[in-house]
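Residue-level structural notes
Residues per chain are reported as follows:
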Amino acid sequence: MLPSLPKTFPELIRSKFNSAVDSGSLTFTESTEEDVPAGDIMFRIRVAPSLAQKPVPKKVEDDATPKPKFNPFLNPEPSLFLCDLGDRYSLILNKFSIVPYHFLCITKEFEQQNAPLSEEDLTATWECLQANVKSGSRLLAFYNCGEFSGASQAHKHIQFIPVPHEVKLIPDVALAYGVPVSKDAIGQFPTSHPDVPFAHFVLPVPKSPSTEDLVMRFSSLLARTLTTLREHDQRSISFNFAMTKEWMFLAPRCQEMYEGVSVNATGMVGLLLAKSDEQLDLIKDTGPLKVTAKVGLPRISGDEQQHDY
Ligand code: B4P
């Protein structure tokens, strides 16, 4: 059984964030936001031109004497450390934030980022989602899994960013079409937004879910995701996971970026990141749904029949 987050977590994260920015151990990048509509979905595009200058870790093969890649999560910087969560996880601030209070739940020991989330990972995610780190916002948890998912670190980490309540993400809109009536063997059947061209699967999360509730939902979404990857002959198991207190979402991936625009789980739920004005123009000209469709996989036939809108 995982212990709860300390009651003082919101105060802790705010004071640690401010001191880490002041001391220079956390790089906070200013950004602007632009809303771009796509049917009844509104994509929020964050534009952060100075992120393009973020240092990219040197590739191992570039070195004359190859060294193992630095793992920032094995001994996290004390100035970024927030607290432990049970024996297995630590919570740390993201060193390169573009939204305040972006934090990560990392495993204490090395575990592979390309593995699916375990029962313990899901319980830890649910526990972190309870924190009220910013008033007027809810937390979005996300996990980039596999080589085409937008992940840059190989050590298991689930990320959390505050998202203003007024921002309706793709899973919020998908669920507004109605909870599907069909049931699968475990009593849950994922839904998806009818106008979103890429394969994605959403399930509502009950108010006080048991561990079994979380695991059943994740397994059901993962089964759909794996079937889609298989149907498209994708050998690499890459997908994005996102979760709020209201829903769980998974989307299979076949590509990390489109025309230089890197997309992670936040992009697949409607929060894209542009690292230059040119990237913003590209997203607007192409259309955010088309950009996300290029890095996701087409829906497989039969998906539509699972719904009763
Ligand atoms: P990954 O899953 O590996 O990759 P990512 O989120 O896509 O971030 P990436 O590092 O590729 O950054 P990008 O320029 O695309 O996550 C690794 C996480 O660990 C990242 O959050 C990274 O910043 C963090 N990290 C790296 N070194 C660290 C260290 N020493 N200590 C602590 N944390 C460390 O994007 C830049 C940032 O913007 C990322 O944080 C990304 O998550 C975030 N972001 C992307 N899209 C966003 C959006 N739409 N809204 C808000 N934030 C967004």
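Relevant structure appears above.
Presented here is an overview of the structure given in this document. Within each chain, residue numbers correspond to sequence positions counted from 1 in written order. Local features are withheld for residues below a pLDDT of 70 in this predicted model, meaning they are given only at 70 or higher, and side-chain atom pairs are given and counted only at 80 or more; totals for whole chains, interfaces and linings count all residues. Water and hydrogen atoms were dropped before computing side-chain values, which therefore reflect all heavy atoms in the structure.

**Topic: the sheet that holds strand E8 (residues 137-145)**
Any two strands with at least two DSSP-identified bridges between them are counted as paired. In DSSP terms, a helix is any run of H or I states spanning at least four residues, a strand is any run of E spanning at least two, and both are numbered starting from the N terminus. Taken together, the 8 strands give an open sheet; going across it, the order is E4-E5-E7-E9-E8-E11-E12-E10, and neighbouring strands pair in antiparallel fashion. The open sheet terminates on both sides in strands that have one partner only, identified here as strand E4 (81-85) and strand E10 (201-204). With direction set aside, neighbouring strand axes in the sheet form an average angle of 20°. Pairing of strand E7 (residues 103-107) with strand E9 (residues 157-164) involves 4 bridges; the strand directions are antiparallel. Across the sheet, the residue bridging to Leu104 is Gln159, located in E9. What makes two residues a contact is simply this: any of their non-hydrogen atoms within 4.5 Å. Here the axes come from fitting lines to C-alpha atoms, over the contacting stretch only for helices, and the angles between their N-to-C directions go from 0 to 180 degrees. Here helix H4 (residues 211-231) sits on the sheet in contact with E10, strand E11 (239-243) and strand E12 (247-252), set at roughly 20° to E12.

**Examining unusual backbone geometry**
Non-glycine residue Tyr101 carries a positive phi angle of around 70°. Within the element layout of this structure, Tyr101 appears in the loop between strand E6 (96-97) and E7. Buried residues are those whose accessible area, probed at 1.4 Å on protein chains only, stays under 20% of the maximum for their type, while exposed residues exceed 50% and partly exposed ones sit between those limits. The class of Tyr101 is buried, set by a relative accessible area of 14%. The backbone phi angle of Glu259 is positive, close to 50°, even though this residue is not glycine. With respect to the secondary-structure elements, Glu259 resides in the loop between strand E13 (257-258) and strand E14 (261-262).

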